Amino acid sequence: MHYLGLAVETIFIKNILLAYFLGMCSFLAISKSVETSIGLGLAVVFVNGITVPLNWVISEYLLGPGALQWTGLAGMSGVDLSFLNYIIFIATIAAMVQLVEMALDRFSPTLYQSLGIFLPLIAVNCAILGSSLFMVEREYGFIESAVFGSSAGAGFFLAIVTLATMRYKLRYSNVPPGLRGLGIAMLLTGLISMAYMSFSGINL
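All values reported here derive from a predicted model rather than from experimental measurement.

### Side note on the environment of L22
By the secondary structure assignment, L22 is in the loop between α1 (2–13) and α2 (24–30). Expressed as a C-alpha distance, the spacing of L22 and C126, which sit 104 residues apart in the sequence, is 5.6 Å. The residues contacting L22, other than those within four sequence positions of it, are I16, L17, C126, A127, G130 and F134.

### Quick notes on the confidence of the model for the protein chain
Model confidence for the protein chain is summarised by a mean pLDDT of 87, while 99% of its residues fall at 70 or above. Considering each helix and strand of the protein chain separately, the mean pLDDT is smallest for helix α5 (residues 109–115), with a value of 80, and largest for helix α7 (residues 142–169), with 93.

### Side note on the packing of aromatic side chains
The geometry of an aromatic ring pair is captured by the separation of the ring centres together with the interplanar angle, meaning the angle of the planes. The final tally for this structure, using the stated rule, is 7 aromatic pairs. Here Y20 and F134 contribute two aromatic rings whose centre-to-centre distance is 4.9 Å and whose plane-to-plane angle is 45 degrees, an arrangement assigned as tilted. Taken together, the residues span a long stretch of sequence, with Y20 in the loop between α1 and α2 and F134 in helix α6 (residues 126–137) at a distance of 114 residues. Taking the relative accessible area as the measure of exposure, Y20 reaches 31% and is therefore partly exposed. F134 gets classed as buried once you look at its relative accessible area, which sits at 14%. Taking the centre distance of 6.0 Å and the plane angle of 75 degrees together, the rings of Y168 and Y172 count as edge-to-face. Assessed through its relative accessible area of 63%, Y172 is described here as exposed. Aromatic ring contacts, followed pair by pair, group F12, Y196 and F199 into a single cluster. Its guanidinium or amino end placed over the ring of F107, R106 lies 5.3 Å from that ring's centre, counting from NZ or CZ. The side chain of R138 reaches across the aromatic face of F134, ending 4.6 Å from its centre.

Parameters and conventions
Residues numbered from 1 in each chain as written. Predicted model: local features only at pLDDT ≥ 70, side-chain atom pairs only at ≥ 80, totals over all residues. Heavy atoms only, no water. Helix = DSSP H or I, 4+ residues; strand = E, 2+ residues; numbered from the N terminus. Contact = heavy atoms within 4.5 Å. pLDDT = per-residue confidence, 0-100. Phe/Tyr/Trp six-rings, centres within 6.5 Å; stacked < 30°, edge-to-face > 60°. Buried < 20%, exposed > 50% of the residue type's maximum accessible area, 1.4 Å probe, protein only. Lys NZ or Arg CZ within 6 Å of the ring centre and 35° of its normal.

Next up, the structure:
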């Protein structure tokens, strides 16, 4: 039940996009197309679901305070390499993004072309890096990190697909000229955020 509560909280109440506004650049740019939004959302789920628990292992056994004491070497128990978190986490994320790029280029060239520059930019997407940093800050265990990473990715997926479907419908709506484009997208983002926050009343 704890893991289910963590998943619901991460997807809806503390959505990485709608609560912390991380990854907004790709969120607003890609959400013009439903198909492309689904592709990017699935890529984020995959990358986040793998990198957060992987970064937990790296942090726990290599970078954290006293993490190297398992080596049995003298003096290693006092070593703290946590200042390398940003560099190592981004390197891990970049490696996973490269795998996603190669897979999409091989099996779905159309989607690969549609995502364009935003696919490699996942490597420096603040939503992806933020998930790993939140994992360290909140002192999650390995399973919690895996649930949190997958749920954060799922929250990104739901948010971007929700906005993309709404923007698709807006093509047939009479939006005031001053709000067309980014203006109405920002208003919709706020409304979606308020809707997701309604889940805060759930206590699992």
